[in-house]
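Here are the chains, one letter per residue:
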Amino acid sequence: MASARSDRRISADHIPVKLVIAGPFGVGKTTIVGALSEIEPLNTEEVLTQAGTLVDDLTGVNEKTTTTTAIDFGRLTLPGVVLYLFGAPGQTRFQVLWDELVRGALGVLVLADTRRIDDSFAVLDLVENAGIRYAVAVNHFPDSPQYPPEALRQALDLDPRTPLLVCDARDPASARASLIALVEHIRELVLS
Amino acid sequence: MTSGRQRRRVVPDYMAAARLSVPEHISVERTTLVSIAADADAGGLDPPASHLLALLRDEPLSVYECAAHLGLPYCVVRLLVAGLVGNGTLLTRDPPPSDLPDIEILELVLSGLRAL
């Protein structure tokens with residue numbers, strides 16, 4: 001175990017790599033960053049936040065009483081690379097912050113919630129406008145309605161090549177599988 | 001979620017920002033990896049700078065993590081780092097440009113994730 005731990009130390013030779021996880025409020029960005037990160041996720045406030053509680057629609061996410069516009073930040077140290085994860089708000093009013101976050105990112109994992117599929121449109125618009133590679137992962141909640149993948153694909157108007165996954169944001173293995181699918185997709189795009 | 005350590009401000013923002021000499025060209029962003037230069041002179045640094053160096057003594061960190069641990073805004077720490085790079089105290093490693101990601105980096109990420 002000692003050697004496994006020392007593998008996790010960052011050296012100045014590690015290549016920093018960035019992935020963005022985007023989605024509407026309450027979709028599970030904080031959860032998935034927490035499930036993936038090796039450090040306690042950091043949370044710094046970049047944008048003023050109080051106003052958001054009036055603007056952001058919380059219907060359908062009853063348990064959520066506050067809205068965080070702060071960015072979730074997690075880290076995964078892998079051999080040779082250190083992967084930084086940003087949980088980014090998916091509202092178009094954060095366009096400036098969004099542009100900064102996706103600059104230099106390998107790609108974006110878009111989290112969607114089938115209970116509020118419409119909320120994902122703004123995020124998908126941001127991703128498409130940024131011209132960045134992405135995959136969509138549906139975070140499955142206990143009361144999420146089940147739709148066949150084709151119906152979801154159609155509802156989200158996804159390109160047939162864009163990966164559409166189902167994940168449980170709380171489960172590290174499931175969250176990791178989504179990231180792997182995203183990076184595999186990016187690799188295919190780069191190789192093609 | 002936010003721990004006490006992150007909340008506690010070691011240095012107030014205005015003090016951290018007051019004496020920053022800002023280089024003309026800054027290529028420091030959130031995920032820039034920051035480490036201490038081998039020949040860095042840690043003497044005579046301002047409080048924010050010496051806190052930053054103490055933070056980096058164990059291992060390199062991203063600018064974003066530095067900001068969170070120092071309890072200072074990212075934009076302040078970005079300038080702080082840029083200044084210390086300018087005078088040779090710190091070294092940085094920027095994320096590679098990603099218009100066309102390097103296939104070797106993608107393979108590293110994939111094999112790393114699969115091995116977890």
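- The name given to chain B in an unreviewed UniProt entry is DUF742 domain-containing protein, with the source organism recorded as Nonomuraea indica.

- For chain A, the name recorded in an unreviewed UniProt entry is GTP-binding protein, with Nonomuraea indica as its organism.

1. Thoughts on the packing of helix H4 (residues 95-102) of chain A against helix H5 (residues 120-130) of chain A
All names here are of chain A.
And step 1. Two elements in contact, H4 and H5, have axes separated by 11 Å at closest approach and are oriented at 55°. One way to sum up the angle between H4 and H5 is to call them oblique. Relative to H5, the crossing made by H4 is right-handed. Across the interface between the two elements, Gln95, Trp98 and Val102 from H4 touch Leu126, Val127 and Ala130 from H5.

2. Quick word on the sheet that holds strand E2 (residues 61-62) of chain B
Residue and element names in this part refer to chain B.
And step 1. Strands sit in the order E2-E1-E3 across an open sheet of three strands; the sheet is antiparallel. One side of each edge strand has no neighbouring strand; the edge strands of this open sheet are E2 and strand E3 (90-93).
And step 2. With four bridges connecting them, strand E1 (residues 33-36) and E3 associate as antiparallel partners. Residue Ser35 lies in a different strand from E3, and its bridge partner there is Leu91.
And step 3. Here helix H5 (residues 74-86) sits on the sheet in contact with E1 and E3, set at roughly 115° to E3.

3. Observations concerning the interface of chain B and chain A
And step 1. Between chain B and chain A, the residue contacts involve 39 residues of the former and 49 residues of the latter.
And step 2. Three residues stand out in chain B for area buried against chain A, namely B:Arg30, B:Tyr64 and B:Leu113, and they jointly supply 17% of the buried area on that side.
And step 3. Here chain B and chain A share six salt bridges between them.
And step 4. For B:Glu29, the salt bridge identified is with A:Lys18, shortest N-O distance 3.3 Å.
And step 5. Between the two partners, chain B and chain A, sit eight residue pairs in polar contact (both at pLDDT 80 or more).
And step 6. When residues of the side of chain B that touches chain A are traced back to their parent elements, those giving at least two are helix H1 (4-7), E1, E2, helix H4 (63-70) and helix H6 (103-115) of chain B.
And step 7. Here the element with the most residues in the side of chain B that touches chain A is H6(B); it accounts for ten residues.
And step 8. A breakdown of the residues in the side of chain B that touches chain A according to their chemical character gives 19 nonpolar, nine polar and eleven charged.

4. Focus: the pairing of strand E3 (residues 71-78) of chain A
And step 1. For E3(A), a buried count of eight out of eight residues is recorded, marking the element as mostly surrounded by other parts of the structure.
And step 2. Neither face of E3(A) is left uncovered, since the one carrying A:Ile71, A:Phe73, A:Arg75 and A:Thr77 and the one carrying A:Asp72, A:Gly74, A:Leu76 and A:Leu78 both have all their residues buried.

5. Remarks on the packing of helix H2 (residues 29-36) of chain A against helix H7 (residues 172-191) of chain A
All names here are of chain A.
And step 1. Axis separation between H2 and H7 bottoms out at 9 Å; the angle between their running directions is 95°. On the basis of the axis angle, H2 is roughly perpendicular to H7. Residues Ile32, Ala35 and Leu36 of H2 form the contact with H7, whose own contacting residues are Pro172, Ala175, Arg176 and Leu179.
And step 2. For the contact of H2 with H7, the class distribution of residues is six nonpolar, no polar and one charged.

Criteria and cut-off values
- Residues numbered from 1 in each chain as written.
- Chains lettered and ligands numbered in written order.
- Predicted model: local features only at pLDDT ≥ 70, side-chain atom pairs only at ≥ 80, totals over all residues.
- Heavy atoms only, no water.
- Axes fitted to C-alpha atoms, helices over the stretch in contact; angles between N-to-C directions.
- Helix = DSSP H or I, 4+ residues; strand = E, 2+ residues; numbered from the N terminus.
- Parallel < 35°, antiparallel > 145°, perpendicular 65-115°, else oblique.
- Left-handed = near helix turned anticlockwise from the far one by under 90°.
- Contact = heavy atoms within 4.5 Å.
- Pairing = 2+ DSSP bridges.
- Buried area = accessible area lost by both parts, 1.4 Å probe.
- Salt bridge = Lys/Arg side-chain N within 4 Å of Asp/Glu carboxyl O.
- Polar contact = N/O pair within 3.5 Å; in protein donor to acceptor, adjacent residues only side chain to side chain.
- Nonpolar A, V, L, I, M, F, W, Y, C, P; charged D, E, K, R; others polar.
- Buried < 20%, exposed > 50% of the residue type's maximum accessible area, 1.4 Å probe, protein only.

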